[in-house]
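# Architecture and fold: a report
Residues per chain are reported as follows:
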Amino acid sequence: MKYIVFILFTVMTNAAAQLMLKQGMMSLGPISVEGTNPLLKLLQIVFSPWVFFGLCTFVISMASHLYVLSKVELSFAYPFLSLAYVAVAIFAYFVFREDLNGWRIAGIACICVGTVLIAQSGRGHEEETASLSSDKIHSEIVR
């Protein structure tokens with residue numbers, strides 16, 4: 001559980017990146033490649049400020065996630081990423097006035113309950129290694 005701060009940082013930067021990408025695409029308007037070079041259109045999208053900062057934030061999020069994966073089990077860390085959906089849904093409701101109906105709220109509640117259950121069951125690699133090492137030392141002393 002000592003890596004939960006890094007896991008939540010990964011989740012929040014992932015959600016922030018999604019919000020920036022949405023803002024960027026809204027500011028660009030509907031995308032059409034008719035009559036333009038698709039590569040130039042792609043570069044225009046990628047280098048628009050909100051999209052560019054959203055992509056940079058994704059890189060930060062992935063770097064944080066790689067750090068987390070070096071410390072805890074994948075089956076423990078990965079489900080926390082579903083909390084990004086929770087954050088995006090809530091922020092999108094307030095920032096973009098997107099719909100947050102009863103079905104979405106029920107889904108969000110299920111995601112939160114599932115994440116809490118997973119959080120209660122997980123251990124990091126270092127905790128397991130320390131536990132195994134202390135068990136080996138104890139068994140050697142007993143002999």
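Because the structure is predicted, anything quoted here is derived from the model rather than measured. Just so you know, the residues in each chain are numbered from 1, in the order the chain's sequence is written. In view of the model being predicted, local features appear only for residues whose pLDDT reaches at least 70, and side-chain atom pairs are presented and counted only at 80 or more, with totals across whole chains, interfaces and linings using the full set of residues. Side-chain measures here rest on the full set of heavy atoms in the structure, leaving out hydrogens and waters.

Numbering goes from the N terminus for both helices and strands, where a helix is a DSSP run of H or I of at least four residues and a strand is a run of E of at least two. Scanning the chain from N- to C-terminus turns up seven helices and zero strands. Ordering the α and β elements of the chain from the N terminus gives α-α-α-α-α-α-α. Partly exposed describes any residue whose relative accessible area lies between the buried limit of under 20% and the exposed limit of over 50%, with all areas from a 1.4 Å probe on protein chains only and scaled to the type maximum. Taking all 143 residues of the chain together, 28% fall into the buried category. In the chain, 80% of the contacts between residues at least 6 apart in sequence involve partners at least 24 apart. Only the protein chains shown count as covering a residue, and every accessible area follows the Shrake-Rupley method with a 1.4 Å probe. Accessible surface, the chain as shown: approximately 9,400 Å² in total, 71% of it carbon and sulfur. When checking whether two residues touch, look at their non-hydrogen atoms; a contact exists if any pair is within 4.5 Å.

What follows is about the side chain of His65. Relative to the helices and strands, His65 is located in helix 3 (residues 49-71). Aside from chain neighbours lying at most four places away, what touches His65 is Thr10 and Leu81.

Attention shifts here to the nonpolar core. By nonpolar core is meant a set of buried Ala, Val, Leu, Ile, Met, Phe, Trp, Tyr and Cys residues that side-chain atoms within 4.5 Å join together. In this structure, Ile7, Val11, Val68, Val72, Phe76, Phe80 and Leu83 are the most contacted members of the largest nonpolar core, which totals 15 residues. Mapped by element, the contributors of at least two residues to this core are helix 1 (4-28), helix 4 (74-77), helix 5 (82-95) and helix 6 (102-121). Of the residues forming this core, the biggest block, four residues, is contributed by helix 5. Those residues in contact with Phe80 that lie beyond four places of it in its chain are Ile4, Ile7, Val11, Thr115 and Ala119.

UniProt positions are given in the numbering used here, feature names are shortened, and annotations may be inferred rather than shown by experiment. Under the UniProt annotation, "transmembrane region" (unreviewed entry) lies at residues 47-69, 76-96 and 102-119. Across residues 47-69, helical content stands at 91% and strand content at 0%; the span's end C-alpha atoms are separated by 30 Å.

Let us now look at unusual backbone geometry. Of note, Arg97 is a non-glycine position whose phi angle comes to about 60°, a positive value. Judged by relative accessible area, Arg97 falls into the exposed class, the value being 67%.

A word on the packing of aromatic side chains. Paired rings are identified among Phe, Tyr and Trp, the last through its six-membered ring, by centres lying within 6.5 Å, and are further divided according to the angle between planes into stacked (under 30 degrees), edge-to-face (over 60) and tilted (the rest). Tallying each qualifying case throughout the model produces six aromatic pairs. On the basis of an interplanar angle of 65° and a centroid distance of 5.2 Å, the ring pair of Phe76 and Phe80 is categorised as edge-to-face. Phe76 gets classed as buried once you look at its relative accessible area, which sits at 4%. Here the aromatic cluster, defined as three or more aromatic residues joined through ring pairs, consists of Tyr3, Phe6 and Tyr67.

Along the chain, Leu19 falls in helix 1. With a relative accessible area of 16%, Leu19 lands in the buried category. Residues Leu19 and Ala87, spaced 68 residues apart in sequence, show a C-alpha to C-alpha distance of 9.8 Å. Setting aside residues no more than four positions away along its own chain, Leu19 makes contact with Val88, Phe91, Ala92 and Phe96.

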